[in-house]
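Understanding the architecture of this molecule
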Amino acid sequence: MTDIAHATKHVSRPAFKATPALAANLQAVLVDLTDLHLQGKQAHWNIVGPNFRDLHLALDEVVAAARDFADTVAERMRALYAVPDGRSSTVSLNTSLAEFPAGEVMTSEAIDLIVDSLYRTAGTARRVHDDVDAEDPTSADILHTVLERLEQLAWLIDAENRNATSSEPRPING
């Protein structure tokens, strides 16, 4: 039996197709979200210490958000005829996140590490936002949702290690 659907060349005429720059910007966000998901699971499995259960459950939220957002960004890329790359080698070579340590990690240290990764991922979304918005406001809307949730999670988790009136945020590179 011959597959008639493939006998002729298929042609699509999308109203908008991602430029290489837009695809690269979305890919950068995808890489960090994928790494954030993996780091969240690594921490989830290996934290020990005070408030273990609370952080264990909070890390589930980080993992779910990162995974869902990665899927949304990748599917947006496909809708724009860009090809997402979520392979482990691509993620490890291109992530802006610091490597999460192997082995057991104290909850207080894990909090600082995960908050840093959340802010770095948000930082990537912020860095590419204006260029994405200039080309495709719909993709920029996705970045708004990503930023809102990741920055909320960072605030919620960071509060565990903060001290009232004596803790202040510092820039990632500061």
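Refer to the preceding data block for the structure.
Description of the structure in this document. All figures in this text were calculated on a predicted structure; none of them were measured in a lab.

Considering the overall build of the protein
Secondary structure summary: the protein contains 5 helices and 2 strands in total. Written out in order from the N terminus, the α and β elements of the protein read α-β-α-α-β-α-α. Here the C-alpha coordinates of the protein stretch approximately 65 × 40 × 25 Å along the principal axes. By the burial criterion, 38% of the 174 residues in the protein qualify as buried. Restricting to contacts in the protein with at least 6 residues of sequence separation, those with at least 24 account for 81%. When the accessible surface of the protein is summed, it comes to about 10400 Å², and 53% of that surface belongs to carbon and sulfur atoms.

Remarks on a nonpolar patch on the surface
The grouping of Tyr119, Trp155 and Leu156 at the surface amounts to a nonpolar patch, some 320 Å² of accessible area in total. Considering the arrangement of structural elements, one finds Tyr119 in helix α4 (residues 107–135). When its relative accessible area of 32% is taken as the criterion, Tyr119 is described as partly exposed.

Let's talk about the nonpolar core
Within the largest apolar cluster, 44 residues are counted, with the highest numbers of intra-cluster contacts made by Leu33, Val73, Ile114, Leu118 and Ile157. Looking at this core, the elements with two or more residues in it are α1 (20–46), α2 (52–79), α4 and α5 (137–158). Of all the elements, α2 adds the most residues to this core, at 11 residues. Here Val73 is in contact with Leu26, Val29, Leu30, Leu33 and Ile142, once residues within four sequence places are set aside.

A few points about unusual backbone geometry
Positive phi outside glycine occurs at Asn51, with the angle close to 60°. Inspection of the secondary structure puts Asn51 in the loop between β1 (47–48) and α2. A relative accessible area of 40% means that Asn51 is categorised as partly exposed. Of note in the backbone geometry, Tyr81 takes a positive phi value of approximately 60° without being a glycine. Classification of Tyr81 as partly exposed rests on a relative accessible area of 42%.

What about α5?
A rise of 1.5 Å per residue sets the reference length of α5, with its 22 residues, at 32 Å; its end C-alpha atoms lie 31 Å apart and thus fit the reference within 8%. Of all the positions in α5, only Ser139, Ala140, Ile142, Leu143, Val146, Leu147, Leu150, Leu153, Ala154 and Ile157 are classed as buried. Looking straight down α5, one finds that the buried residues subtend no more than 150° of arc, so they occupy a single side. Away from its buried face, by an angle of more than 90 degrees, α5 presents the exposed residues Glu148 and Trp155. In the core, the buried residues of α5 are packed alongside α1, α2 and α4.

Observations regarding the environment of Ile157
In this fold, Ile157 is placed in helix α5. Note: C-alpha distance between Ile157 and Val128 (29 residues apart in sequence) is 25 Å. Sequence-distant contacts of Ile157, that is, excluding residues within four places in its chain, are made with Leu55, Ala58, Val62, Ile111, Ile114, Val115 and Leu118.

Here we look at the side chain of Gln27
With respect to the element layout, Gln27 can be found in helix α1. Take Gln27: its relative accessible area is 15%, and that puts it in the buried class. Among all residues touching Gln27, those that are not within four sequence positions of it are Met77, Val83, Pro84, Asp85 and Thr90.

Criteria and cut-off values
Residues numbered from 1 in each chain as written. Predicted model: local features only at pLDDT ≥ 70, side-chain atom pairs only at ≥ 80, totals over all residues. Heavy atoms only, no water. Helix = DSSP H or I, 4+ residues; strand = E, 2+ residues; numbered from the N terminus. Buried < 20%, exposed > 50% of the residue type's maximum accessible area, 1.4 Å probe, protein only. Contact = heavy atoms within 4.5 Å. Areas by Shrake-Rupley, 256 points an atom, 1.4 Å probe, with all protein chains shown as cover. Patch = residues over 30% accessible without salt bridge, like charges linked within 9 Å, V, L, I, M, F, W, Y side chains within 5 Å. Salt bridge = Lys/Arg side-chain N within 4 Å of Asp/Glu carboxyl O. Core = buried A, V, L, I, M, F, W, Y, C linked by side-chain atoms within 4.5 Å. Expected span 1.5 Å × (residues − 1). Arc of directions from axis to C-beta.

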